[in-house]
Amino acid sequence: MLVNWPERVFCNSVARRFILKRQLGSLKAMSGLGPGARCLEIGCGNGNGALHALRAFEPAQYHAIDLDPDMLRLAAAKARNEQRLCLLRGDAQALPFRDASFDAVFNLGIIHHLEDWRRGLAEVSRVLVPGGLFLFEEIYPALYAAPILRDVLAHPRGDRFDGREFRRELALQALALQPGYRESRFTILGVARKAHSVS
Ligand SMILES: C[S@@+](CC[C@H](N)C(=O)[O-])C[C@H]1O[C@@H](n2cnc3c(N)ncnc32)[C@H](O)[C@@H]1O
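Now for a description of the structure that goes with this document. (Residues numbered from 1 in each chain as written. Predicted model: local features only at pLDDT ≥ 70, side-chain atom pairs only at ≥ 80, totals over all residues. Heavy atoms only, no water.)

**Considering the packing of helix α2 (residues 14–31) against helix α3 (residues 48–57)**
The line we're drawing: Each axis is a line fitted through C-alpha atoms, and for a helix only the stretch in contact is used; angles between axes span 0 to 180 degrees, taken between their N-to-C directions. We count a stretch as a helix when DSSP gives it H or I for four or more residues in a row; a strand needs E for two or more, and each element gets its number in order from the N terminus. Helix crossings are classified by the rotation of the near helix relative to the far one: an anticlockwise turn of less than a right angle makes the crossing left-handed, while a clockwise turn makes it right-handed. The criterion used for residue contact is that any of the two residues' heavy atoms lie within 4.5 Å. Here the nonpolar group is Ala, Val, Leu, Ile, Met, Phe, Trp, Tyr, Cys and Pro; Asp, Glu, Lys and Arg are the charged ones; every other residue, Gly included, is treated as polar.
At a minimum axis separation of 10 Å, α2 and α3 run at an interaxial angle of 40°. When you trace α2 past α3, the crossing you get is right-handed. Across from Arg17, Leu20, Lys21, Leu24, Leu27, Lys28 and Ser31 in α2, the residues of α3 making contact are Asn48, Gly49, His52, Ala53, Ala56 and Phe57. When the residues that make up the contact of α2 with α3 are grouped by side-chain class, the tally is 6 nonpolar, 4 polar and 3 charged.

Here is the structure:
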């Protein structure tokens, strides 16, 4: 589901850019992901996360997809000189990539925007190589479905998740949590590794 205008203001704010930089620093420490990886970011928004990730992780290539053409236009304007970044329009619930295409997938606050978040996680797992890494920052309904905020922000309402459900679904998708995983009342931050062999 696309972000509405109040959330768009937040996503495009200096505050969000600061949070992204901090979260990506933590994800780097947790993941140990080295240079030269083939990366995908789902729901890249205005590209701030992608630009930080390009500096922090030094990937060989970084694909970034989003459903919203306006967000992609902002990202394209910022990343004009960045050859490793490939922006495209697409749905995180039906990723336009072959199985096992990426060493790492980044999710910076977008899975909770999917009507079918389980499908989104299944797609992440599908496009990761065996042993590949899923780096995620997620938000719970305790925050965006709280009184007042639920009327200000626009999010899907059916079949939502908290930390326990998110962890359960990761396990079902053969994504094993790595040390350093953090869960608070409103958010989670962590890294999961795709199993080397999936039964
Ligand atoms: C809360 S914003 C986060 C943007 C960016 N990752 C950030 O951290 O600032 C969620 C983003 O997910 C995108 N989005 C929502 N549903 C999507 C879908 N089904 N497939 C791809 N992107 C989607 C929205 O357009 C929006 O840019």
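**Here we look at the site of the ligand**
What counts, and what does not: Residue proximity to a molecule or strand is established when one non-hydrogen atom of the residue lies within 4 Å of it. In protein, a polar contact means a hydrogen-donor-capable atom and an acceptor-capable atom, both N or O and within 3.5 Å, with residues adjacent in sequence counting only if both atoms are side-chain atoms; elsewhere, any N or O pair within 3.5 Å suffices.
Taken together, 24 residues lie around the ligand, and Arg16, Gly43, Asp66, Asp91 and Ala92 are the ones closest in. Between the ligand and Met1, the relevant distance is 3.2 Å, taken from a nitrogen atom to a main-chain nitrogen or oxygen of the residue. Contact between the ligand and Asp66: an oxygen atom at 2.6 Å from a side-chain N or O atom of the residue. For the shell around the ligand, the secondary structure elements donating two or more residues are α1 (5–11) and α2.

**Re α2**
In plain terms, the rule: Helix span is expected to be 1.5 Å times the residue number reduced by one. Each residue is assigned to one of three classes by its accessible area relative to the maximum for its type, calculated with a 1.4 Å probe on protein chains only: buried under 20%, partly exposed between the two thresholds, exposed over 50%. What the arc measures is the spread of directions leading from the helix axis to the C-beta atoms.
When the terminal C-alpha atoms of α2 are compared, their 25 Å separation across 18 residues agrees well with the 26 Å that a helix rising 1.5 Å per residue should span. The set of residues buried in α2 consists of Arg16, Leu20, Gln23, Leu24, Ser26, Leu27, Met30 and Ser31. In an axial view of α2, the angular spread of the buried residues amounts to 165°, which keeps them on one side of the axis. The exposed residues of α2 that point more than 90 degrees off its buried face are Val14, Phe18, Lys21, Arg22 and Ala29. Where the residues of α2 are buried, they touch α1, α3, β4 (102–108), β5 (128–139), β7 (182–183) and β8 (187–194). Looking one or two places after α2, you find Gly32, whose phi comes out positive at around 65°.

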